[in-house]
Amino acid sequence: MDTRNKYLIKNMGVLTVSNFASKILIFLLVPLYTSILSTEEYGVYDLIITTVTLLCPILTANIVDAVMRFSMEQECDKKKVAAIGIRYISFSIAIIFVFLFIIDRLRIWKDVDGLEIYIGLYYSTYVLDQFFIQLAKGLERIAEMGIAGVLGTVTMLSMNVLFLLIFKWGLTGFFLANILAQAIPVIYFFMSLRAWEYFGSLKIDKALRNEMLAYCLPLIATNIGWWVNSASDRYVVTFLCGLAANGVLSVSYKIPSALNMIQSIFTQAWQISAIKEYNGRDTERFYGATFTLMNVVMSAACAWLIVLSKPLAGILYAKDFYVAYRYVPFLLISYVFNCAAGFMGPILGAKKDSKTMALSAIYGASVNLVLNIFLVWLMGVQGATIATAISSFIIYQVRRSSIKDQIKVERYGVVLATWSLLCFQAFVEIYTPFWYVEVILMAVMLWLNRMEMMKVLYRFFGRMDDRRANG
């Protein structure tokens, strides 16, 4: 097997151990959330977390992406890179607590009244966790990332059971469980990476800081664009349909989170490989073969989850949340497009082309916002899921057009045909009872991708078999 493929598969294996357990357990906790929290409570929680993910790249200048990228460069001083990162992280935490103090005193956001301290702690642990994940990735400390993921999972599971089932603390208990699930990995990262050695001197290298900011500042627009693409629907649905409808929409993301698990594992591993192999030998074919593998796996998983969306909703969604199954199919498809766009991201990162990443996100966000308002007004909550899928595809398309010379995908028409079949399957699942039509569509999809699957299997595993035969 090619050493590049070995390296990618090894990293995916480590990240799968930590992420798979995490995503599966969180997936299985959905019945607990939906049976204890009301649709309004879950809607409030979701809006708060969504707002935190928006504020993080803005208040930190998105420095964590620069920490990862520059830590991978041999000529960069890793301690100086980390020192710059922690300076911006600390500053953002101070800002958020001042902001929450003002909200508390002026009662600006009544829905979060009494939750300000939990929001501050959640933000603090979230940004620190993101910082250490990116630092560990830049240092290629993948094993530590895997262990931290397992620790976070165990904490999340045990604290949810303790705070929600035993202590019955409701929404505050839910917040505490999530805070601790981020705090424990932060402590582990601090010890395992010997972080005090990186932060012993916070003297800033101004030239390095300026170079890092030149890279990461355009990525603020990228992150805001992704945020708008994945989160603006919550605000539009809340405004047009109410908090309860937003709670249902938020829960509908839980089934697609299984697909997001595959995406996040692959993207984290791919981010390292894409940068390491940039300008290497036969890079275009390596990128193309990897893209094909990723798309076949994501599309197959998406098709199965669309078929199973109703049975899974019956198991996972309690009470008023069951209707969320209607919104699952197009959210699943949006994750397929997100993964394709996410595949292009590290290649642009290797080029340090953060401007194209920002531009793609701005285009996607603009389309998403306009379509959300129009389609939610026209179709209700379902309009938000369709808007998300369309804007995700636009982000992918803009990125692909920028790096089409760096990636060679054979039979690209099959990729587009596969995605078209997924959209048709989603329509059948939502609006008809003809499940057998979905099975036929899946069979057609499999037949279309037969050559791609065989080529990918040979590329990744055939060479190893050849060596065994010759040995």
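Residues numbered from 1 in each chain as written. Predicted model: local features only at pLDDT ≥ 70, side-chain atom pairs only at ≥ 80, totals over all residues. Heavy atoms only, no water.

Draft legend 1. Just the side chain of Ser391, in detail. Positionally, Ser391 belongs in helix H17 (residues 381–403). Those residues within four positions of Ser391 in sequence are excluded, and the remaining contacts are Asn229, Gly364 and Asn368. (Helix = DSSP H or I, 4+ residues; strand = E, 2+ residues; numbered from the N terminus. Contact = heavy atoms within 4.5 Å.)

Draft legend 2. Structural view of the environment of Tyr88. Considering the arrangement of structural elements, one finds Tyr88 in helix H5 (residues 78–106). With 27 residues separating them along the chain, Tyr88 and Ala61 place their C-alpha atoms 7.3 Å apart. Excluding anything up to four places from it in sequence, Tyr88 contacts Leu59, Thr60, Ala61, Ile63, Arg209 and Leu213.

Draft legend 3. Summary view of unusual backbone geometry. Non-glycine residue Asn62 carries a positive phi angle of around 55°. Mapped onto the elements, Asn62 comes out in the loop between helix H3 (39–59) and helix H4 (63–71). Overall, the relative accessible area of 3% leaves Asn62 in the buried class. Of note, the phi angle at Glu140 is positive, near 60°, even though the residue is not glycine. Structurally, the position occupied by Glu140 is in the loop between helix H6 (116–138) and helix H7 (142–166). A relative accessible area of 33% places Glu140 in the partly exposed class. (Buried < 20%, exposed > 50% of the residue type's maximum accessible area, 1.4 Å probe, protein only.)

Draft legend 4. Structural view of the packing of H6 against helix H8 (residues 170–192). Relative orientation of the contacting elements H6 and H8 amounts to 30°, with a least axis distance of 8 Å. In this structure, H6 meets H8 at a crossing whose hand is left-handed. For the pair H6 and H8, the contacting residues are Tyr118, Leu121, Tyr122, Thr125, Tyr126, Leu128, Asp129, Phe132, Ile133 and Ala136 in the first and Thr172, Phe175, Leu176, Asn178, Ile179, Gln182, Ala183, Pro185, Val186, Phe189 and Phe190 in the second. The residue inventory of the contact of H6 with H8, partitioned by class, reads 16 nonpolar, four polar and one charged. (Axes fitted to C-alpha atoms, helices over the stretch in contact; angles between N-to-C directions. Left-handed = near helix turned anticlockwise from the far one by under 90°. Nonpolar A, V, L, I, M, F, W, Y, C, P; charged D, E, K, R; others polar.)

Draft legend 5. Just the confidence of the model for the protein, in detail. Summarising the model, the protein shows a mean pLDDT of 82, and 85% of its residues fall at 70 or more. Segment residues 463–471 is flagged for pLDDT under 50; beyond a separation of four residues in sequence, or across chains, it makes six contacts in the model. (pLDDT = per-residue confidence, 0-100.)

Draft legend 6. A nonpolar patch on the surface, seen in detail. On the surface, Phe239, Leu240, Phe374, Trp377, Leu378, Met379, Phe424, Phe427 and Tyr431 cluster together into a nonpolar patch covering about 1000 Å² of accessible area. For the nonpolar patch, the secondary-structure elements that each account for two or more residues are helix H10 (206–241), helix H16 (354–379) and helix H18 (412–431). Sorting elements by how many residues they give to the nonpolar patch places H16 first, with four residues. Inspection of the secondary structure assignment puts Phe374 in helix H16. (Patch = residues over 30% accessible without salt bridge, like charges linked within 9 Å, V, L, I, M, F, W, Y side chains within 5 Å. Areas by Shrake-Rupley, 256 points an atom, 1.4 Å probe, with all protein chains shown as cover. Salt bridge = Lys/Arg side-chain N within 4 Å of Asp/Glu carboxyl O.)

Draft legend 7. Molecular detail of the pattern of salt bridges. By the definition in use, this model includes three salt bridges. Ionic pairing is found between Lys80 and Asp205, a salt bridge with its closest N-O pair at 3.5 Å. Of this pair, Lys80 sits in helix H5 while Asp205 sits in the loop between helix H9 (195–198) and H10; the two residues are 125 residues apart in sequence, bridging distant segments of the chain. Given a relative accessible area of 34%, Lys80 falls into the partly exposed group. We classify Asp205 as partly exposed; its relative accessible area is 24%. Across the salt bridge formed by Arg141 and Glu144, the nearest N and O atoms sit 3.0 Å from each other.

Draft legend 8. Summary view of empty space enclosed by the protein. Under the counting rule described, the total for this entry stands at two cavities of 30 Å³ or more. By volume, the second largest cavity is sized at about 40 Å³. Lining the second largest cavity are Thr292, Asn295, Val296, Glu410, Arg411, Val414, Val415, Asn449 and Glu452. At the level of secondary structure, the elements contributing two or more residues to the lining of the second largest cavity comprise helix H13 (283–307) and H18. When residues of the lining of the second largest cavity are assigned to their parent elements, the largest contribution, three residues, is made by H13. (1 Å grid on protein atoms, 1.4 Å probe; cavity = no way out; pocket = protein on both sides within 12 Å on 5 of 7 lines; lining within 4 Å. Points joined across faces, edges and corners; volume = space filled by probe spheres on them.)

Draft legend 9. Representation of H16 within the structure. Taking 1.5 Å per residue, 26 residues should reach 38 Å; H16 reaches 36 Å between its end C-alpha atoms and fits that length. The inward-facing, buried residues of H16 abut H10, helix H15 (328–350) and H17. Trailing H16 by a residue or two, Gly380 shows a phi angle of about 85°, which is positive. (Expected span 1.5 Å × (residues − 1).)

Draft legend 10. Representation of the side chain of Glu116 in the model. Tracing the sequence through the fold places Glu116 in helix H6. Of note is the side chain of Glu116, whose polar atom sits 3.0 Å from the backbone nitrogen of Gly114. Beyond its immediate sequence surroundings of up to four residues, Glu116 is in contact with Leu100, Ile103 and Asp104. (Polar contact = N/O pair within 3.5 Å; in protein donor to acceptor, adjacent residues only side chain to side chain.)

Draft legend 11. Seen up close, the nonpolar core. One finds Ile63, Phe131 and Phe291 to be the most contacted residues of the largest nonpolar core, which totals 132 residues. The element contributing the most residues to this core is H15, with 15 residues. Leu54, Trp227, Val228 and Ala365 belong to the second-largest nonpolar core, a separate cluster that totals five residues. (Core = buried A, V, L, I, M, F, W, Y, C linked by side-chain atoms within 4.5 Å.)

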